[in-house]
Amino acid sequence: MNKVIKILILLFTLQGCSFEPILINKSFDFRFENINSSGDEKINEVIENNLLSRTSGNKKYKINLNSEKNIQTVSSDSKGDPKIYKLQIKVDYNVLLDEKNVYENTVTKQATYNNITDKYELLQYENNITKSLSKNIAEELLFSIKTLGQ
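Here is what the cut-offs are and how they apply
- Residues numbered from 1 in each chain as written.
- Predicted model: local features only at pLDDT ≥ 70, side-chain atom pairs only at ≥ 80, totals over all residues.
- Heavy atoms only, no water.
- Salt bridge = Lys/Arg side-chain N within 4 Å of Asp/Glu carboxyl O.
- Helix = DSSP H or I, 4+ residues; strand = E, 2+ residues; numbered from the N terminus.
- Buried < 20%, exposed > 50% of the residue type's maximum accessible area, 1.4 Å probe, protein only.
- Contact = heavy atoms within 4.5 Å.

Asks: With reference to specific residues and values, describe the pattern of salt bridges.
Replies: Under the defined criterion, the tally for this structure stands at three salt bridges. The partner of R54 in a salt bridge is E139, and the shortest N-O contact between them spans 2.4 Å. Of this pair, R54 sits in the loop between α2 (41–53) and β2 (55–76) while E139 sits in helix α3 (residues 119–148), and the two are 85 residues apart along the sequence. When the shortest N-O distance is used, the salt bridge between E140 and K109 registers 3.0 Å. Separated by 31 residues along the polypeptide, E140 in helix α3 and K109 in strand β4 (residues 100–114) bring together distant segments of the chain. With relative accessibility at 33%, the residue E140 sits in the partly exposed group.

Encoded structure:
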């Protein structure tokens, strides 16, 4: 009986602590008035959609993005065919508030993956990795801008 009471107290305590992951489904108290982007269009589209959908507020920032995507062969087999690839995304950005540059940074994310014999499947896999890395970059951008306002 004593164990049951301890377990119930523990469950109620853990349930009441209101744990909430940082940056998940959270709206920020600033917004982007203008987003200028250059470079890879798919990467920029994913980042812009994430930035615009997660922000709302009175403070208005402008942001300039420049993205690059680079795919390299890391390892090859004895015939010279690629075995492992490395996909790297680099985004240079600067944030403006009232036409003044308040922050500028470069974010680089990368992933390695094995070659797939079906080229269509390999392209789809690369697109999924690109989207995932772009979302991570957008999260990092939001977090860095959030720290500016504090």
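Asks: Tell me about the side chain of T130, and name the residues and values.
Replies: Along the chain, T130 falls in helix α3. Taking relative accessible area as the criterion, T130 reaches 6% and is therefore assigned buried. Ignoring anything within four residues of it in the chain, the contact list for T130 reads I43, K69, L87 and I89.

Asks: Run through unusual backbone geometry, naming residues and quoting values.
Replies: Note: most peptide bonds trans; most residues except glycine with negative phi. Phi is positive for D98, close to 55°, though the residue is something other than glycine. Assignment of secondary structure puts D98 in the loop between β3 (82–97) and β4. Judged by its relative accessible area of 67%, D98 is exposed. In this structure, E99 is a non-glycine residue whose phi angle is positive, near 65°. Along the polypeptide, E99 turns up in the loop between β3 and β4. A relative accessible area of 59% places E99 in the exposed class.

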